[in-house]
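Residues per chain are reported as follows:
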Amino acid sequence: MSKFPIEQFRSTVTPFYYYDMALLRRTLAEVCAHAPQESVVHYALKANSNPALLRVISAAGLGADCVSGGEIALAVECGFTPKKIVYSGVGKTDREIRLALSVGIDCFNVESVAELNVIDELAAEAGVTAPVAVRVNPHIDAHTHHYITTGLSENKFGIDISQLWDVVEQVRRLSHVRLRGFHFHIGSQIVSMQPYRALCDTINKLQDELEHRGIVTDYINVGGGLGVDYEHPDEHPIPDFGSYFELFAQGINLREGQVLHFEPGRSIVCQCGTLITRVLYIKEGLNKRFAIVDAGMTDLMRPALYQAAHKIENITSQGVAFVYDVVGPICESSDSFGSAVELNEARRGDMIAIRSTGAYGESMASRYNSRELPGVMLSE
Ligand SMILES: *Cc1c(COP(=O)(O)O)cnc(C)c1O
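So, how was this worked out
Residues numbered from 1 in each chain as written. Predicted model: local features only at pLDDT ≥ 70, side-chain atom pairs only at ≥ 80, totals over all residues. Heavy atoms only, no water. Phe/Tyr/Trp six-rings, centres within 6.5 Å; stacked < 30°, edge-to-face > 60°. Helix = DSSP H or I, 4+ residues; strand = E, 2+ residues; numbered from the N terminus. Lys NZ or Arg CZ within 6 Å of the ring centre and 35° of its normal. Buried < 20%, exposed > 50% of the residue type's maximum accessible area, 1.4 Å probe, protein only. Polar contact = N/O pair within 3.5 Å; in protein donor to acceptor, adjacent residues only side chain to side chain. Near = heavy atom within 4 Å. Areas by Shrake-Rupley, 256 points an atom, 1.4 Å probe, with all protein chains shown as cover. Nonpolar A, V, L, I, M, F, W, Y, C, P; charged D, E, K, R; others polar. Core = buried A, V, L, I, M, F, W, Y, C linked by side-chain atoms within 4.5 Å. Domains from an automatic or database assignment. Contact = heavy atoms within 4.5 Å. Expected span 1.5 Å × (residues − 1). Disulfide = S-S within 2.5 Å.

Draft legend 1. Just the packing of aromatic side chains, in detail. The full count for this structure, using the stated rule, is 14 aromatic pairs. Judged by centre distance (5.2 Å) and plane angle (75°), the rings of Tyr196 and Tyr244 are edge-to-face. Of the two residues, Tyr196 sits in helix α8 (residues 194-212) while Tyr244 sits in helix α9 (residues 241-251), which places them 48 residues apart along the sequence. Pairwise contacts between aromatic rings join Tyr196, Phe241, Tyr244, Phe245, Phe248 and Phe262 into one cluster. When the ring centre of Trp165 is taken as origin, the NZ or CZ atom of Arg213, which lies over that ring, is 4.1 Å away.

Draft legend 2. Molecular detail of helix α4 (residues 69-77). Those residues of α4 that sit buried are Gly69, Glu71, Ile72, Leu74 and Ala75. Two or three places before Gly70, at the opening of α4, Ser68 has a side-chain oxygen 3.3 Å from that residue's backbone nitrogen. Backbone geometry just after α4 places Gly79 at a positive phi near 100°.

Draft legend 3. Main features of the site of the ligand. Around the ligand, the structure places 15 residues, and the nearest of them are Lys46, Ser188, Glu263, Arg266 and Tyr360. Note that an oxygen atom of the ligand is positioned 2.3 Å from one of the side-chain N or O atoms of Ser188. Tyr360 is positioned with one of its side-chain polar atoms (N or O) 2.5 Å from an oxygen atom of the ligand. Its free accessible area being 380 Å², the ligand has 94% of it covered by the protein chains. In terms of residue class, the shell around the ligand is built from three nonpolar, seven polar and five charged.

Draft legend 4. Geometry of the nonpolar core. Among the nonpolar cores identified, the biggest contains 99 residues, and Leu24, Phe108, Phe182, Tyr196 and Phe248 are the most heavily contacted of them. Ranked by residues supplied to this core, first place goes to α8 with six residues. Both domains that furnish three or more residues to this core are identified here as domain 1 (6-15 + 271-378) and domain 2 (21-268). Apart from the residues lying within four places of it in its own chain, the contact partners of Leu24 are Leu53, Val56, Ile57, Ile268, Val269 and Cys272.

Draft legend 5. Inspection of α8 at higher detail. For α8, built from 19 residues, the straight-helix expectation of 27 Å at 1.5 Å per residue is met to within 8% by its first-to-last C-alpha distance of 27 Å. Of all the residues in α8, the buried ones are Pro195, Tyr196, Leu199, Cys200, Thr202, Ile203, Asn204, Leu206, Gln207 and Leu210. Against the buried residues of α8 lie α7 (164-173), β8 (177-183), β9 (219-221) and α9. Immediately beyond the C-terminal end of α8, within one or two residues, lies Gly214, with a positive phi of roughly 75°.

Draft legend 6. Quick look at the state of the cysteines. Tallied over the full model, the rule gives zero disulfides. The thiol sulfur of Cys78 is not disulfide-bonded, and the nearest other cysteine sulfur, from Cys66, lies at 10 Å. With no disulfide of its own, Cys107 lies closest to Cys66 among cysteine sulfurs, the gap being 13 Å. With relative accessibility at 0%, the residue Cys107 sits in the buried group.

Draft legend 7. Spatial organisation of the side chain of His42. Tracing the backbone through its elements, the reader meets His42 in strand β2 (residues 40-44). In this structure the side chain of His42 is engaged in a polar contact, spanning 2.8 Å, whose partner is the side chain of His261. With residues near it in sequence (within four places) discarded, His42 still touches Gly63, Ala64, Asp65, Lys84, Val86, Asp106, His261, Phe262, Glu263 and Pro264.

Draft legend 8. Main features of unusual backbone geometry. For the bond from Thr14 to Pro15, the omega torsion is -5°, close enough to zero to count as cis. For Gln307, which is not a glycine, the phi torsion comes out positive at approximately 50°. Residue placement: Gln307 occurs in the loop between α11 (302-306) and β13 (312-314). Positive phi, normally seen in glycine, also occurs at Ala340, with a value near 50°. As for its position among the elements, Ala340 is in strand β15 (residues 336-344). The exposure class assigned to Ala340 is exposed, which follows from its relative accessible area of 54%.

Laid out in structure tokens, this is it:
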């Protein structure tokens, strides 16, 4: 028995994303079972903002982490309560800030003094006080690809710890922003717990310093970044949320009334998604055999963008395995899903599954080459 409804696949236009909604629900149940009491888990919409998935995620009681006005509007539309929406990003526009203020979100995760001043000005204009958390750059190496590491020194994200007290002072001087607390996000696809332990240590030191300075906050947001097993999606369909949440619950010395906030994206939705594509042609090269498929980097950008590797399977062939370069039809050399991939013998028309593509797949799709956006099939 295949894990996929292959007959249904055969009669559907490719490429499309197939979402296993039962797996999404099981994943959310794990999150809810293990998240520390009193904490708030905000799903990071940018990982996948398909409304069908968003409705299931909001119904499970999660909040939302948004990085644009469009995401805030979508989150509200799909059932997330504004009181559980946080808003991150280094380049919030005036329009987006006004929208967030009118929706009444829980917190702005602020990344610069310049932004802080603008939020204060627009909040004054709207006659409200904006809750803000200062995003701190904790200088932690998350050991991920350099395009997705965010916690190392001097990049565009967050405020350096050495400048933090000036920023806190600035929040106090302004009359239409209120300091909720601090925000951290050290990177993505983090598979070792060590960077998270380092983050806990940094937060504890910061907490001592805050106490010393008489600053009281109720909001500690540790961001997202928990990784998934791209090599073994069937063996590890759900990340180890137990260990992840336990680490923070044990590792951070929360003060009276403080609430931990989390922003997982990938770990919630990645394994429930599969990109289904058809083999168009088998091309015999000089030293290589190419499987040219009808999905391209416009449907799944991760391999082209940061050399990401996904497990690829021929789900309609029982033939002996050969080695292929699996490539798309786009006019870019980086439009490849993998080189030297072992697949059951592939023929024109075979269905190929590109696994673990629920996160940063559909949400990153583009219409480059005037292609249509990929389709969507839900398991239920
Ligand atoms: C992207 C992002 C997340 C989610 O990251 P994942 O690796 O998908 O868990 C959370 N918080 C912030 C601020 C982000 O930019």
